[in-house]
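Take a look at the letters that make up each chain.
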Amino acid sequence: MNENTLHPGFAPSVVAIVGNQRPDSRTLKLASGIADGLASQLGDTPAVVIDLVNLPLQNGYFSPELNELVRTAQVVIAASPTVMGSYSGLLKLFLDGLPEAALLGKTGIPLMIARQARHALAADVHLRPALLELGATCSTPSLVALESELASLGADGLVIAWLERSGTWLSGIPA
Amino acid sequence: MPDLTSILAGAANRLPPGAAILGWRDEDGGSVTATAGSFTVLSADPPLIAVGVRSSPDVRILDGIGAFTVEFHEGASGHFECVVENVVSAADHDLLIGRVLAVDLPEQPERRPLLFNRSDSSRLVGHLPSQVPLVEPSARSRLAVRQEVPPEPLATIAVIGGGASGTLTAVQLLRRSAPGLRVVLIERSGKFGPGVAYGTEEEQHSLNVPVGQMIALPDRPYDFLEWVRREAPDTQPQEYLARSTFGRYLVDLLERTIGEADGIFFERLTGEAVAVEPGEAGAPVTVRLKDGTEVEADRVVLALGNGRPSPVPGLDPGLVESDRYVADPWGDEALEPALADESVLLIGTGLTMVDVAISLGGAGGPEIQAVSRHGLLPRAHVDTMPVRGRPVALPDDRCSLTELTSRLLTEIAVAGARGEDWRIAFDSLRPITNDLWSALDPRDRKRFVTDLGRIWGVHRHRMAPRVALRLERLKVNRRLRVRAASIERAALDGDRIAVELAMSNADVGERLVVDRVINCTGPTWDPRRSDQDLVRDLLSRGTIRPDGLGIGFDVDRDGALIDSEADASDRLFAIGPLRNGVLLETTAVPEIGQQAELLADLLLAGLVRVLGSSRELSAA
């Protein structure tokens, strides 16, 4: 084992990757909430949330050590705001840096904030295929936070609403 | 030989407000120098200097390293050898306050002092903390106002347990109390000071913290280093010494403090406390010893040290009852018989196992198998000075277990990509661990203990480098085998022991035949599982209750015992590992030293009407 890395014993079951250009974003809040909720339904290991904003790049990509965190996960949540009608370039950069079939056998969950109703399908049209391309199984509905829902429920309220439905999806997640 | 105070006063007279060159070793052992634009002698007693340096990551790293020199004369002589006392951030500069350990003054006072000059400074080579003989530290500060010593004690504090936590509590009471206090230190072994942890005679049993960070007295952080340097002047702050050295230091510290504590009545009492009777409110507490002795005290501190390991599931009762099973490797000569064995099984792979494997791993010792669910060994310290970075997380409103693990793991991944050490990110949390821990909600604390405790432990509680090396040698020579497995069943089989293992990573079992099974799962403090008469007595009276996680005694922020009615006691307190469920870090000397200081102040404040105010400690 490399002296400069952690023991492989830490294996988060749920990892969320957040690609929002702003720190402390609502995307981060939603992703952390749902990741934490799913993780506690799956066991005791806390989820790990990788907030990509401000993480340094190496040869144009994120640190390969971050990929290690994804490798052990059962569930990978890819979270982004809508940017130019699609998901963010920041998230794309992370996904591009993953090895081929990095998400094989894992459940991928797209999560996006849609400013306008016409962006509600961006998660299904753009983000879901990217996760499928990496080998993920996307057996749950995409999590789309409409601006109107965020305004009425708040981020916490929306997470709770999602988690109330999550029992059904979790039954589809391979152990 | 003039003392340090007068040398320093003389030096201050010769110094214009001028420049200085700082020198220290970085974490890779390379030399680093920095120019200080201002330099002044801050205080002669205690000997403190201050230098102003431009803020840089180097200075923050220096804060963690501890030792540096200040060169104030041109040429390679004339310098102070210092340890960092404090770093104060002042706009774009940091004010570095150093405690002077040694002074090297040039022979000719006419030699030109260093004045700030950019072009000149480049050719100067800073001194490195080195072999400069240590000047005898100034004598401990005396009472500011000598009070009359009463003929009889005015109040009594009993400390149960004379190991590290009990001894440090007694030391702080002796240092801080006004005359008239009686301190009774009760220890069943009759050895006052080292306790089990630092009583090991084995030279191979190393401290897991470098000498510069073994801070027993928070107001004198380098007391241990200075004490070691009296015998071994070359000792560096980053060295790992034998645990017995710290044990001897504790004995000496207690002796010294008793000698200096005028007007305090100090008693050592050898015997096992078996009951504590709180009695009516306002009346004294009675501590009863096994031999019938009774001590009446106004306050009682439980300093019971580490608990015994928990029982291991899967062991046949016949084996557990036999002498082939060692329930507690720290018991007196518990490991003696195993030295003659052919093979032994150690249950647990943490620091306790490491100590036991090293004790048994000498020439002619048994073949050692070690198992735990994860099969993870503690990580090793790196053989350089420790570095402290900016904390990766703070105990704010976002402090959840998910947030903390995410921040820590992301930071470590990024550090790894930069070729930096994960230990820096990990250790950045050390000073605030207990704050983070108390900011977590109870559900997160429980999740941490069930799931992350082990993985946290192996990274956080590391082995000294030479211990790691020895362990590696045992593994390479096939004397030690470590596996991830749990014990399905272990029972006596003829004159040996048959063990069935369930491997953690595979759906298969394995059979072993060994001569002895040793419980190395490490200390715990669930009072319900204790076999100590005293703990049973306290539990049956409802004086104590387990904490929410069942790994220690329930206490409040000050260490006051919380009883079965959820009320915090005003007379009974706990220190050290007993506080384990309420604090995450409470077993290492720096934390216990801090607790002892705070607890002593709290106890003395409670007795102020009887004793008068505490003595001033001018060596702040």
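Residues numbered from 1 in each chain as written. Chains lettered and ligands numbered in written order. Predicted model: local features only at pLDDT ≥ 70, side-chain atom pairs only at ≥ 80, totals over all residues.

This brings us to the overall build of chain B. Broken down by element type, chain B carries 16 helices and 23 strands. Summarising the internal contacts of chain B: among those between residues at least 6 apart in sequence, 71% fall at separations of at least 24. (Helix = DSSP H or I, 4+ residues; strand = E, 2+ residues; numbered from the N terminus. Contact = placed C-beta atoms within 7 Å.)

Assigned secondary structure in chain A consists of 5 helices and 7 strands. Secondary structure of chain A in N-to-C order comes out as β-α-β-β-β-α-β-α-β-α-β-α. Across the 175 residues in chain A, those meeting the buried criterion constitute 44%. The long-range fraction of contacts in chain A, counting pairs at least 24 apart against all pairs at least 6 apart in sequence, stands at 79%. (Buried ≥ 20, exposed ≤ 12 C-beta atoms within 10 Å, placed from the backbone.)

As a further point, take the interface of chain B and chain A. Counting from both sides, the interface comprises 22 residues of chain B and, opposite them, 24 residues of chain A. Sorting the residues of the side of chain B that touches chain A by element identifies α9 (401-417) and α12 (442-460) of chain B as the ones contributing at least two each. Class assignment of the residues belonging to the side of chain B that touches chain A gives a composition of 10 nonpolar, 9 polar and 3 charged. (Nonpolar A, V, L, I, M, F, W, Y, C, P; charged D, E, K, R; others polar.)

Time to look at the sheet that holds strand β13 (residues 294-297) of chain B. Residue and element names in this part refer to chain B. With respect to topology, 3 strands assemble into an open sheet ordered β11-β12-β13, the strand pairing being antiparallel. Two strands bound the open sheet, and with one partner strand each, they are β11 (273-277) and β13. Taking each pair of neighbouring strands and ignoring which way they run, the sheet shows an average axis angle of 20 degrees. Where β11 and strand β12 (residues 285-289) come together, 4 bridges link them in antiparallel fashion. (Pairing = 2+ DSSP bridges. Axes fitted to C-alpha atoms, helices over the stretch in contact; angles between N-to-C directions.)

On to the pairing of strand β3 (residues 38-43) of chain B, then. All names here are of chain B. Of the pairings in the sheet, the one linking β3 to strand β4 (residues 48-54) comprises 5 bridges and is antiparallel in character. For S43, the partnering residue across the bridge sits in β4 and is L48. Hairpin geometry of β3 and β4 is characterised by an intervening segment of 4 residues between the two adjacent antiparallel strands.

Before going further, it helps to examine the nonpolar core. Residues and elements named next belong to chain B. Grouped together as the largest cluster of nonpolar side chains are 117 residues, with contacts concentrated most on I160, L346 and A357. Element by element, the count of residues in this core is highest for helix α15 (residues 589-606), at 7 residues. Lining this core are residues from two domains, each supplying at least three of them: domain 2 (155-193 + 243-307 + 525-611) and domain 3 (317-379 + 463-519). Sequence-distant contacts of I160, defined by excluding residues within four places in its chain, comprise I186, A273, V287, V300, V301, L302, A303 and L304. (Core = buried A, V, L, I, M, F, W, Y, C linked by C-beta atoms within 7 Å. Domains from an automatic or database assignment.)

With that settled, consider unusual backbone geometry. All names here are of chain A. Residue D24 is not a glycine yet carries a positive backbone phi of 55 degrees. As for its position among the elements, D24 is in the loop between β1 (14-18) and α1 (26-42). Since 11 C-beta atoms lie within 10 Å of it, D24 is described here as exposed. Here N59, not a glycine, exhibits a phi torsion of approximately 50 degrees, which is positive.

Another aspect to go through is the packing of helix α5 (residues 223-231) of chain B against helix α6 (residues 243-260) of chain B. All names here are of chain B. It is at 11 Å that the axes of α5 and α6 come closest, and there the two elements cross at 100 degrees. Our classification of the angle between α5 and α6 gives roughly perpendicular. Between α5 and α6, the contacting residues are F224, W227 and V228 on the first element and T245, F246, Y249 and D252 on the second. By residue class, the composition of the contact of α5 with α6 is 5 nonpolar, 1 polar and 1 charged. (Parallel < 35°, antiparallel > 145°, perpendicular 65-115°, else oblique.)

Residue and element names in this part refer to chain B. Its 18 residues give α6 an end-to-end C-alpha distance of 26 Å, which sits within 8% of 26 Å, the value for a rise of 1.5 Å per residue. Three or more residues of α6 are buried, namely R243, T245, F246, G247, Y249, L250, L253, L254 and T257. Where α6 is buried, its residues touch α4 (164-176) and α5. (Expected span 1.5 Å × (residues − 1).)

Once that is clear, we can look at the environment of B:L604. Mapped onto the fold, B:L604 is located in helix α15. When the C-alpha positions of B:L604 and B:A178 are compared, they lie 8.6 Å apart, and in sequence the two are 426 residues distant.

All names here are of chain B. Summarising the model, chain B shows a mean pLDDT of 82, and 83% of its residues fall at 70 or more. The model gives residues 109-146 a pLDDT under 50, and that stretch makes 81 contacts with residues more than four places away or in other chains. Counting interchain partners and residues more than four positions distant, the pLDDT-below-50 stretch residues 616-620 has 13 contacts. (pLDDT = per-residue confidence, 0-100.)

Moving on: the sheet that holds strand β5 (residues 75-81) of chain A. Residues and elements named next belong to chain A. Strand order in this open sheet of 5 strands is β2-β1-β5-β6-β7, and the pairing throughout is parallel. Only two strands of the sheet have a single neighbouring strand rather than two, namely β2 (48-51) and β7 (143-146). Across this sheet, the average inter-strand angle for adjacent strands is 15 degrees, counted without regard to direction. Here α1 sits on the sheet and contacts β1, β2, β5, β6 (107-114) and β7; the angle it forms with β1, its principal contact strand, is near 175 degrees.

Moving on, we get to the environment of B:D515. By secondary structure assignment, the location of B:D515 is in the loop between β20 (509-514) and β21 (516-519). Once residues within four sequence positions are removed from consideration, B:D515 is found in contact with B:D341, B:E342, B:S343, B:V344, B:P366, B:R496 and B:I497.

What follows covers the pairing of β13(B). Because side chains alternate across β13(B), one face comprises the buried residues B:V295 and B:A297, and the other comprises B:E294 and B:E296, none of which is buried. Counted between consecutive antiparallel strands, the loop separating β12(B) from β13(B) contains 4 residues, among which B:G292 sits at a positive phi close to 95 degrees.

Moving on: the environment of B:E231. With respect to the element layout, B:E231 can be found in helix α5. The spatial distance from the C-alpha of B:E231 to the C-alpha of B:N306 is 30 Å, given a sequence separation of 75 residues.

Before going further, it helps to examine the packing of helix α8 (residues 351-360) of chain B against helix α13 (residues 465-476) of chain B. A pair of packed helices can be characterised by two numbers: the angle between their axes and the separation between those axes. Residue and element names in this part refer to chain B. Contact geometry for α8 and α13: axes closest at 10 Å, N-to-C directions at 65 degrees. Here α8 and α13 pass one another in a crossing that is left-handed. Here α8 contributes V354, A357 and I358 to the contact with α13, which in turn contributes V467, R470, L471 and L474. For the contact of α8 with α13, a count of residues per class yields 6 nonpolar, no polar and 1 charged. (Left-handed = near helix turned anticlockwise from the far one by under 90°.)

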